[in-house]
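Here is what each chain is made of, one letter per residue.
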Amino acid sequence: MSAKAPATPSTVTFEVNGRPVNAVKGVSLAAALVGDRVWTFRRNPVSDEPRGPFCGMGICLECEVTVDGRPGVRACLTPVRPGMRVETDAAEERP
């Protein structure tokens, strides 16, 4: 019996703070951002402290970003899709 080679996952390209990012099709936007070393998604409006993914299931709201001009989108609940435009409040913090 021969082993079947694993399928190569398909990828999508989308934009984060004006630059192209590739991610595996179907992953959450939060996972794609963290995979691209983006940890700060927004800033606390009172203290200006950085915020990023915490609960991973849409309850804490710490992963909110702007997607295609719509603010307050929870990145942990949003699958990546080709061509989406994502803006975070911390473009300068990516290493």
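For the structure itself, look to the data block above.
If you're wondering where the values come from, they're calculated on a predicted model, not measured in any experiment.

**Q** Looking at this structure, I do not really get the state of the cysteines. What am I missing?
**A** A covalent bond bridging the sulfur atoms of two cysteines is what the word disulfide describes. Counted according to the given criterion, the structure contains 0 disulfides. A disulfide-free cysteine, Cys55 has its sulfur positioned 3.7 Å from the sulfur of Cys60, the nearest such atom. Since its relative accessible area comes to 28%, Cys55 is described here as partly exposed. Unpaired in this structure, Cys63 has its nearest cysteine sulfur neighbour in Cys76, at a distance of 3.7 Å. Under the relative-accessibility criterion, Cys63 is labelled buried at 3%.

**Q** Just to check I follow, could you spell out the pairing of strand β5 (residues 64-67) for this structure?
**A** Taken residue by residue, a regular strand's side chains alternate between the two faces of the sheet. Judged by which residues are buried, β5 turns out to be one-sided: Val65 and Val67 face inward and are buried, whereas Glu64 and Thr66, on the alternate face, are not. Linking β5 to strand β6 (residues 70-74), which pair antiparallel, is a turn of 2 residues; within it Asp68 sits at a positive phi near 50°. Bridge count between β5 and strand β7 (residues 85-87): 2 bridges; the pairing is antiparallel. Across the sheet, the residue bridging to Thr66 is Glu87, located in β7.

**Q** Looking at this structure, how should I read the environment of Glu64?
**A** Here Glu64 lies in strand β5. In this structure Glu64 comes out as partly exposed when scored by relative accessible area, which is 25%. Residues Glu64 and Asn44, 20 residues apart in the sequence, show an inter-C-alpha distance of 11 Å. Sequence-distant contacts of Glu64, that is, excluding residues within four places in its chain, are made with Phe41, Arg42, Gly72, Val73 and Arg74.

**Q** Would you take a moment to explain the nonpolar core for this structure?
**A** Note on soluble globular proteins: their nonpolar side chains tend to be buried together. Counting 20 residues, the largest nonpolar core has Phe14, Leu29, Phe41, Val65, Val80 and Val86 as the members making the most contacts within it. Elements with a minimum of two residues in this core: β1 (11-16), β2 (19-24), α1 (29-35) and β5. When residues in this core are grouped by element, the largest group, 4 residues, is from α1.

**Q** In this structure, what is going on with the pattern of salt bridges? I would like to understand it.
**A** Between side chains of opposite charge, a pair can form when the charged atoms approach closely. Inspection of the entire model under this criterion finds 6 salt bridges. Here Asp36 and Arg19 are joined by a salt bridge, their closest N and O atoms 2.5 Å apart. Of the two residues, Asp36 is situated in the loop between α1 and β3 (42-43) and Arg19 in strand β2; the sequence distance between them amounts to 17 residues. On the basis of relative accessibility, which here comes to 14%, the residue Asp36 falls in the buried class. On the accessibility criterion, Arg19 (24% relative accessible area) is partly exposed. A network of salt bridges, in which partner residues are shared, links Arg42, Glu49, Arg51 and Glu62.

**Q** I'm lost on the sheet that holds β7 in this one. Help?
**A** Two modes of strand pairing occur in sheets, parallel and antiparallel, and in both the strands are linked by backbone hydrogen bonds. Taken together, 5 strands build an open sheet; the order of strands is β2-β1-β7-β5-β6 and the sheet is mixed. Because the sheet does not close on itself, it has two edges, and the strands there are β2 and β6. Direction aside, neighbouring strands of the sheet carry axes that sit 40° apart on average. Bridge count for β5 against β6 is 3 bridges, and the pairing is antiparallel. In the strand pairing of β6, Val65 is matched with Val73.

What counts and what doesn't
Residues numbered from 1 in each chain as written. Predicted model: local features only at pLDDT ≥ 70, side-chain atom pairs only at ≥ 80, totals over all residues. Heavy atoms only, no water. Disulfide = S-S within 2.5 Å. Buried < 20%, exposed > 50% of the residue type's maximum accessible area, 1.4 Å probe, protein only. Helix = DSSP H or I, 4+ residues; strand = E, 2+ residues; numbered from the N terminus. Pairing = 2+ DSSP bridges. Contact = heavy atoms within 4.5 Å. Core = buried A, V, L, I, M, F, W, Y, C linked by side-chain atoms within 4.5 Å. Salt bridge = Lys/Arg side-chain N within 4 Å of Asp/Glu carboxyl O. Axes fitted to C-alpha atoms, helices over the stretch in contact; angles between N-to-C directions.

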